Structure formats: structure tokens, C-alpha cells
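Okay, here's what each chain looks like letter by letter:
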Amino acid sequence: MTPGATSGPASGQPEAGHPEPPRQGSQPEPGCDVPLLRLRGVSKSYGAVQANRGVDLTVMPGSIHAILGENGAGKSTLMKMIYGVEAPDAGQIEWNGAPVALTSPSEAGRLGIGMVFQHFSLFDTLTVLENVALVVPGSPRRLAARIATLGRDYGLQVDATEYVGALSVGERQRVEILRCLMQDPRLLILDEPTAVLPPQMVTRLFSTLRVLRDRGVSILFISHKLDEIRELCDAATVLRDGQVTGHADPRDTDTRSLTRMMIGRDLPPALPAEPGGAEGAVQLQLSQLDWTNPDPYAPDLRGIDLKLRGHEIVGIAGISGNGQSELCALISGETRLPTRAAGAIALRGQSVGAMGAAGRRALGLAYVPEERLGHGAVPEMTLWQNALLTAQSRGLTRRGMVDRRAALRFAQDCIAGFDVRTAGPEAEAGSLSGGNLQKFVVGREIMLAPSVLLVEQPTWGVDVAAAAEIRRRLIEMRNAGCAILVISEELDELFEICDRLHVLHDGRLSPSLVTARTTPEEVGEWMIGAGRPDAAPAGKGGGTGPARPGSSGTNADRPDTARPDSARPAPSHPDRSDPAAEGPGAGAASEGSDHAV
Amino acid sequence: MSPLEFILAGTLAAATPLMLAALGELVVERSGVLNLGVEGMMALGAAVAFIVAYQTGGHGLAFVAGAGAGMAAALVFAVPVLGFRANQVAAGLALGILAGGLSAMVGRPYESLTIRSLPKLDIPVLSDLPYVGGVLTQDIAVWATLAMAVAMAWVFRSTRLGWRIRAVGENPHAARAIGTPVLRLRLACIAFGGALAGMGGAYAATVYTPLWADGMIAGRGWIAVALVVFGTWRTGRVALGAILFGALSIGELVVQATGVRIPSQALAALPYVATIIVLAVISSNRMLTRRHSVASLGEPFDP
Ligand SMILES: Nc1ncnc2c1ncn2[C@@H]1O[C@H](COP(=O)(O)OP(=O)(O)OP(=O)(O)O)[C@@H](O)[C@H]1O
Ligand SMILES: [Mg+2]
């Protein structure tokens, strides 16, 4: 057995019907030649869908191994089999050279396998500490201390006493990663761990992962962000349609060839996000929006001013947990303001602060929440039933009765229009791969042809090709006059599609920054609260964590921090704030926007 | 003894069978399983406990037998529900009817026989106080039940076992994904719930009214189920609801004895209505309720 070679020339594979995959490069790691994990001919199908067929995979000790593939290629399924959540239909798994039967996750845990799930296994009704304690031994007090110190060391700060149900997706991601790291695994499976982390945290996470690798931990890493993979991983296996289609050393393969291995063709060039030119009417306006959070540990919203016009895409950047979920709930109508404050939110000229979500949708608002499974879609319901949930007013009901044929047609159009890989409109939402469900939920809202579209994390877990497609559709909608508000932690994405940006930090919104005239560094400073003239002092755990109210001394607000953005600033007058107070780690926002295309 | 003293002294004993059954059902529901057979399990536990107490004269043994009978009935429910993912509502109703019928059958030779109750424990000095004394003079089973409620609240709040049960109740798939043996844990919860229901029956038939009569559980099992729901799955509120119901049902007797002219049907309905209203009002905080409700309740789990 040569070091790093991947299962030799297909010797004795149970499934020999598919061509021997082309191979580009092999894994390094001289010195140890027994792979930590080895899969031979592993197959798995769900009914008619073959999620994996004859997959071979070799993971060497101390290697960071990427699994690449489009949405629905079978990456998550493969990882679930390694972790014992799903049982393979055929094939063999070897651990340290010996065959093992991984019948349950506890079995895998005993071997030293830890997994971060794409759709987290956290429990809303338990606190962070309790969620951690479910899998990590030790007294609660000791665990709380470890959560605090490791969180600081790894840049994954979370409040151990908070209920998970009150956390944003990004914060949950941190909990899920932290909990996994606390188990000291020998093989760490990370299924899209960076999809909702801001750049600073990704950088910190990567250095943590490198330290773990140097200690001999092997890592299986799934991501759709090819730059990340090239930066971090030393081996890659590409899946397409459940089959291995290639291996690569991502350190010396460019993103273009990686993309081609994944989707079998080149990516079409991105649509230039040139501003549409036309200046639309104000569609959504927040004026001095204040909201006191009933949850004492989550941020309050203070003095939020925002104007969103037709023909523009405005982005809200910021580390999740700084009020994004609260803001979305207020705009979508899931949280209502008391009647006397209803004027703080105006939708198409009407003050809607006290109106419910259905009323606002009737006025032309559409909303894509960040949590696709459970909030954006009901996992147990079929796709057409899920389509019905928000599109019922679009001719899917007749005299109060469901028009099943129309709903099926709507779902079918969405599936076709957004390239959702699934068995059809009768498939349960929960059976879709993460990225495909995301495409469906985004597509459903786009198909409503709203006048105002609120989107959280539009391309969470979506592969490069599909993400480019979603961005293209958003720009198309903008050009057609729609007003779009995008809330995302992905700076690259915001810079690519937005005309203007705001940054949300600690429940306050930065002034409007014109995308063409700002930089990721500047936005990064606002994200950690350093862009504001009265910036919080240094020493807040490296400055990457969300500040909790009361923990920062940001009460003496200067009037200009909440200045309403006076329509679009003229080009001659760059609306840049003075980054006077250099916060810690301020420039860590993102290393340019060298995107995966 | 003034009517108020009478009510105070009788409340805890009246509440105990309910509290036992409701605490048991609470554990079952917290793990995500809805067992509607509580009434039947209580009846079976009552009949078996009465027979054992009658034959041996020992209350301890009677309680063990009642718990065993309730647990056995619960396991009959667990097999189709956990093993074959049967509908929990249907299986629970079937269990209730089955166990109720069985209790009538085994108890027939003992119909209307009576036995000795458990002695009330005197606490020096305190037991002689007016009002308070009556409350504090209770039999050992009452104290044990209250201790159980406190212990259970602690388990759910502060122990890994409690967190694990809550996790399984919220999302069994995620719980399995982090290595929790979902079905085994649910089985244990169902068995424990059955045992407590059986003990509740045992208390009713051997201590509270030490006699056996068919139908003597008289809807207490259903009240227990309702208490769990209206107490929003929180131990303290469920226990409080049981005590409130106990007080009102004693109060109803007192009022009837004084001969006021309220239709007796309205009086009999009072404990049910009032308990539910009180629990509904104190549980009206939606955020807290969501935090304590059981998301996967009643759904079969297919690993
Ligand atoms: N529980 C299930 N029932 C039915 N089909 C399923 C189930 N889970 C996955 N599939 C199907 O298996 C295929 C592979 O899914 P998988 O989740 O492994 O994709 P993935 O590579 O992780 O995609 P993504 O990048 O979108 O997360 C998909 O076609 C999906 O629809
Ligand atoms: Mg996946």
C-alpha cells in the first residue's frame, strides 16, 4: 500500500459498473501509511434516489481532506454513513486498517469520530451548556468554563447560558463546531461549517483546524467555497451524482479546474452587478426603529434607519447575533410592534409595524428566512405543499379550496426554474439535500414576483454554480424594479450584488455605505463595532464576538451614527465614515474578493 | 374542625394519586411519547395493589405490586408504539380500555371489601398547630410523592438524564445523531410513567379510600393527562395543578355538606374547570411555553 494512494486500481470493488475515475495528484503525508479511514465501494440509496454508489475514499492521519460536489452530489449522505447515522447498502468501512461496522453515532463516537452536521443537531429548548453536556463529559461548571476558554481560543464565542432556540444560525454553527471540538475527535467531519460564519471567524477556525491537524487529527471538510478549500485542504475527493469523479490536490489546482471537476463544465461569467440606473420609489422604510428584546441576553434594536428603494439591492452585513434575526422578524411581521410605534416600519408607503406577516405579504413583501428547514419549509410536507404555504394567494387556491394541480405546477416550475435536484414536487422537503432545499425556498419567493424581497443568507450551502444563478436572479429582479434587502454574513457576496451596504452591530445600524466606494476592511471595522467614532474599547475577546448589551460602553451615541441616509449619496461625496478607532483585528474582514470564479 | 381546616388537611392526600400519575405522564411526554392509557394503568395498579394489601396487609408490598402492574401495562403499550411505530393515540386509548377491563376482572372478588389505611405521621409540636398542623400531618406516601416532584424538577433542570430526555422529546433524529439511544430512553420513560400511574392507583385504592370498587379511579387518569398539558410540561406547575385540583375536590365536598343551593353538577365540574383556567392563565407566556413544550410529542420515530 503506497502512502496516500486511493484504494489502488479498483481492486475487488463490489461495484465495477462505473469507469475508473481520473486521478489528479495524490495525497501527501509521507511517514504513516495506514489510512485512518478507508471506504471501499460504499453505496446508499433512498428509494429510487441513489445518493452514493461505489464510493472509495481514503483519509490519512493528519490530513485535511475536502469533499467536493454540487448540491445533491451525496456528500452529506457519505458523511452520515461514516458517522453511523445512516447504514450503507453495500461496501466496507475500515478504521485504522480494520473493518468496522458503524451502526450508530455512539459507535462512531467511541472510535473517535466527531461530526458537525449541515443541519445542526442542537436542541432549541436546551441551553448551549446543556447541548454541549449531552455529548461532552464533565461537570456543568467545568464545561461552562471550557466553553468560555475554548470559545476565546478558537474565536467561537457563545454565551453558554443562552437557549439555543434564541440563537441565530451563525451562532448555532459556532456551538455545533465548539461542541464537536470539545470531544477531542481523531477524525473530525465538518459538513459546511463555514457556510454561515463571517470571514474573521473562518480565519480563526482555519488556524484551529491546522493546529488540530498538526496534532494528528484528520479532518473531512465539506464546503462550496473553493477558495477555502484551496487554502486549507491537502487532498480533495470530488463527487458527482453519488460517484467519485476525481481526486485533486487543492493546493495546486485552481478553482476553475475544481469547478469543472464538480459540475463538468465551466461556470458562466457572473452578471455584472452594475446598478440599474433607474431610481425607484421608496418601498421599505425604517425610521428610528427601536425594539426591546424580551430575551435579556439578545441585543435590542436601537434607532434603526433604513430606506430601500425599487431598483436596488441593499445588503446588511454583520456577524449574526447582532440583531439580524430580530430585524428580520420585525420587517417580515413575525414580530409586531405595538400600535403606537407602528409608524417605524413603512412598507410601500403604508405603516405596517403592527400588521401581521400575512398582511405584509399581501402588500407585496416576500421573505426568505435563514433557517430553511423548519422556518422556510416544513420538512414533513411535500414540496408542493410547501409552495402552497406562501404562494397560496397566487392562484393556488380556488374558493378556499386547494387547487392541487395549480400547486403542483407552481412547485414544478420552481424545481425546473431553479434547478432543484429532487424526485419531483411530491418529494418531502426534508429529503432534499441542503443546497437544493435552499434553491427551492429562494425560488419559491422569487416566483411570487414581490415588490420587496427580504432574503437572509440567500446562498447558504448552495454550490458555486447555483449560487451564481441565485445572485443572477436577484440582480435580474432588481433590474426589473424590485427592492431587495439581503442579510448575509458573506461579505464577498454582498459586495458582488449590493448597491449599498449597511452593517448591523450590537443592534445598531451603520450609515449607508455605497458598495462601489467602500472596502471589505471598512465594513469589517463596522462589523466589530470599530467603525463607529465612539467605538467600543479594545479587549472584547479579540473583537470578533457579538457584543452583549451591557458588555460594551456604547451608550453615548453620536447623532451621526444614526444619520438617515439621504437617498443615494452623490458620487462626489463618498459616504465613508472615518475609521478613526482601529479596533483589534479590524482589518481581518476578508482577503479581497477573489471569488471562486 | 372548621371547613377550611378540613380542606387544608385533606388537600395533599387528595392530590397524591393525581400527582403520581401526572408526574409519570410528564416523563413519558417529555420524551416525546403520548400515552393516553393513564386511566387504565391507574385502575390496574389500584386493583392489584388492593389485592396484595388485602392478602398480605403490607402497604409497601402493595405499592410495589401496583407499580409493577402499571409498568407491565405500559410495556404492552410500548411494543406497538416503539417497535412498530403504531399511532400513539390509538394505542394509548386501547391500552386504557384493556387495562381498565382487566382491573374490573381481577378486582371482582374483592368488590367493596375494605382494608386499613396508612397511618398519618405526627410531627411533634407542628402537628398541633391550628391549620398548619392539618397540612403537615400526612402519611408517608404523600411526603414521598412531594419529594419525587422536587427530585423530578431537579432531574429535568440540572442533570444529563433530564437533558437527554428533553432532547429526545424535542428532536429524536438529532438526538440519535449525537449518540442518544432514543428508543431505549423512550422505553424507560414509558415504563417509569406506567409505574407511577400504577402507584397513583395504589394510593387511591389502599390509602386514600382503602377499598376496591370498579371504576373508583373515576377520571383521575384523564385529569393527570390534562394537568401535564395545561401545566405546559413543567414539573412544578403540574404538581401545583394536582394540589389545586385536590383542594377544589375536597372543597366541593365541604360545600355540598354545608347544603348551599348550587346544583351539585355545577359543583362537581368546578375543580376541573377552575384547575384548567388557573393553569392556562399562569402558562400564558408564549415564549416560556414554547421553551418547555415537546416538539416531537406523539410522532412515531423511525431511526
Ligand atoms: N432522507 C432522505 N430521503 C430521500 N432522499 C434523500 C434523503 N437524504 C438525501 N436524499 C437524497 O440523496 C441525494 C444526496 O443528498 P446529500 O444530502 O448527500 O447531498 P449533498 O451532496 O450533501 O448536497 P448539498 O451540497 O446540497 O448539501 C439527494 O438527491 C437527496 O435528495
Ligand atoms: Mg449536504
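Cut-offs and rules
Residues numbered from 1 in each chain as written. Chains lettered and ligands numbered in written order. Predicted model: local features only at pLDDT ≥ 70, side-chain atom pairs only at ≥ 80, totals over all residues. Heavy atoms only, no water. UniProt positions renumbered as here; feature names shortened; annotations may be inferred. Helix = DSSP H or I, 4+ residues; strand = E, 2+ residues; numbered from the N terminus. Buried < 20%, exposed > 50% of the residue type's maximum accessible area, 1.4 Å probe, protein only. Areas by Shrake-Rupley, 256 points an atom, 1.4 Å probe, with all protein chains shown as cover. Rg over C-alpha atoms; globule rule 2.2 N^0.38 Å. Contact = heavy atoms within 4.5 Å. Buried area = accessible area lost by both parts, 1.4 Å probe. Salt bridge = Lys/Arg side-chain N within 4 Å of Asp/Glu carboxyl O. Polar contact = N/O pair within 3.5 Å; in protein donor to acceptor, adjacent residues only side chain to side chain. Donors = N, O, S within 2.8 Å, 3.2 Å for Na, K, Ca; no water. Pairing = 2+ DSSP bridges. Axes fitted to C-alpha atoms, helices over the stretch in contact; angles between N-to-C directions. Patch = residues over 30% accessible without salt bridge, like charges linked within 9 Å, V, L, I, M, F, W, Y side chains within 5 Å. Near = heavy atom within 4 Å. Nonpolar A, V, L, I, M, F, W, Y, C, P; charged D, E, K, R; others polar. Domains from an automatic or database assignment.

The name an unreviewed UniProt entry gives chain B is ABC transporter permease, with Mesobaculum littorinae as the organism. Quoted verbatim from the Subcellular location (unreviewed entry) heading of the UniProt record, the comment on chain B is "Cell membrane".

1. Description of the overall build of chain A
Within chain A, the secondary structure is distributed over 16 helices and 23 strands. Of all 597 residues assigned to chain A, the portion counted as buried reaches 59%. Counting every atom, chain A has about 22,000 Å² of accessible surface; 52% of that belongs to carbon and sulfur.

2. Looking at the overall build of chain B
A tally of helices and strands in chain B yields 13 helices and zero strands. Taken from the N to the C terminus, the helices and strands of chain B come in the order α-α-α-α-α-α-α-α-α-α-α-α-α. A compact globule built from 303 residues would reach a C-alpha radius of gyration of about 19 Å, and chain B, at 19 Å, matches this within 12%. Across its three principal axes, chain B shows a C-alpha extent of roughly 60 × 45 × 40 Å. Relative to its full complement of 303 residues, chain B shows a buried share of 51%. Long-range contacts, defined as pairs at least 24 residues apart, comprise 79% of the intrachain contacts of chain B with a sequence gap of at least 6. About 13,000 Å² of surface is accessible on chain B, with carbon and sulfur atoms providing 71% of the total.

3. Overview of unusual backbone geometry
The backbone phi angle of Asp419 of chain A is positive, close to 55°, even though this residue is not glycine. Its place among the elements puts Asp419 of chain A in the loop between α12 (404-417) and α13 (434-447). On the accessibility criterion, Asp419 of chain A (38% relative accessible area) is partly exposed. In this model, Thr232 of chain B sits at a positive phi of 45°, which is unusual for a non-glycine residue. In this fold, Thr232 of chain B is placed in the loop between α10 (220-230) and α11 (235-258).

4. Some thoughts on the interface of chain A and chain B
Contacts between chain A and chain B engage 28 residues on the former and 18 residues on the latter. On the chain A side of the contact with chain B, Phe123, Thr125 and Leu134 of chain A bury the most area, a combined 31% of that side's loss. There are one salt bridge connecting chain A and chain B. In this structure, Arg166 of chain B engages Glu130 of chain A in a salt bridge whose closest nitrogen and oxygen atoms are separated by 3.7 Å. Inspection of the region where chain A meets chain B yields 10 residue pairs in polar contact (both at pLDDT 80 or more).

5. What to know about the side chain of Glu86 of chain A
Inspection of the secondary structure assignment puts Glu86 of chain A in the loop between α1 (75-82) and β4 (90-95). Separated by 3.1 Å, the side chains of Glu86 of chain A and Tyr46 of chain A make a polar contact.

6. Quick look at the coordination of the magnesium ion (ligand 2)
Reference values for coordination geometry: four tetrahedral donors around a metal ideally subtend 109.5 degrees, six octahedral donors ideally subtend 90 or 180 degrees. All names here are of chain A. Bound to the magnesium ion (ligand 2) on the protein side are Ser76 (OG) and Gln118 (OE1), at distances that span 1.9 to 2.1 Å. Placement of Ser76 in helix α1 and of Gln118 in the loop between β6 (113-116) and α3 (128-133) is noted, with a sequence separation of 42 residues between them. Each member of the pair, Ser76 together with Gln118, is buried.

7. Things to note about the sheet that holds strand β8 (residues 218-222) of chain A
Residue and element names in this part refer to chain A. In space, the six strands of this open sheet follow the order β6-β7-β8-β3-β9-β10, with mixed pairing throughout. In the strand order of this sheet, the two ends are held by β6 and β10 (243-248), each with one partner. Taking the axes of each pair of neighbouring strands and ignoring which way they run, one obtains an average angle of 20° across the sheet. Pairing of strand β9 (residues 235-240) with β10, which is carried by five bridges, proceeds in the antiparallel orientation. Bridging across to β10, Leu239 finds its partner in Val244. Sheet contacts for α1: β3 (64-69), β6, β7 (187-191), β8 and β9; angle to β8, the most-contacted strand, approximately 150°. Each of β3, β9 and β10 is contacted by helix α8 (residues 255-263), which is oriented at about 35° to β9, the strand it contacts most.

8. What to know about a nonpolar patch on the surface
Side chains of Leu4, Leu126, Leu129, Tyr131 and Val132 of chain B sit close together on the surface and give an oily, nonpolar patch of about 420 Å² of accessible area. Turning to its location among the elements, Leu126 of chain B is positioned in the loop between α4 (88-107) and α5 (132-136).

9. Considerations on the pattern of salt bridges
Two side chains with opposite charge may pair up if their charged atoms get near one another. All names here are of chain A. A full pass over the atoms with the stated rule returns 28 salt bridges over all chains. Here Arg213 makes a salt bridge to Asp214, at a shortest N to O gap of 3.3 Å. You can call Asp214 exposed: its relative accessible area is 60%. Here the salt bridges do not stand alone but share partners, grouping Glu469, Arg472, Arg473 and Glu476 into one network.

10. Let's talk about the pairing of β6 of chain A
Residue and element names in this part refer to chain A. Of the two faces of β6, the one carrying Ile113 and Met115 and the one carrying Gly114 and Val116 are both buried. The pairing of β6 with β7 spans four bridges and is classified as parallel. Note that in β7 the partner of Met115 across the bridge is Ile189.

11. Concerning the site of ligand 1
Residues and elements named next belong to chain A. Taken together, the neighbourhood of ligand 1 is formed by 20 residues, with Lys75, Ser76, Thr77, Ser433 and Gly435 sitting nearest. A distance of 2.9 Å separates an oxygen atom of ligand 1 from a polar atom in the side chain of Asn71. In the environment of ligand 1, an oxygen atom lies 3.0 Å from a nitrogen or oxygen atom belonging to the side chain of His224. In isolation ligand 1 offers 640 Å² of accessible surface; the protein chains occlude 84% of this area. Residues of the shell around ligand 1, tallied by class, amount to five nonpolar, 12 polar and three charged. Looking at which domains feed residues into the shell around ligand 1, each of domain 1 (37-267 + 569-587) and domain 3 (372-448) gives three or more.

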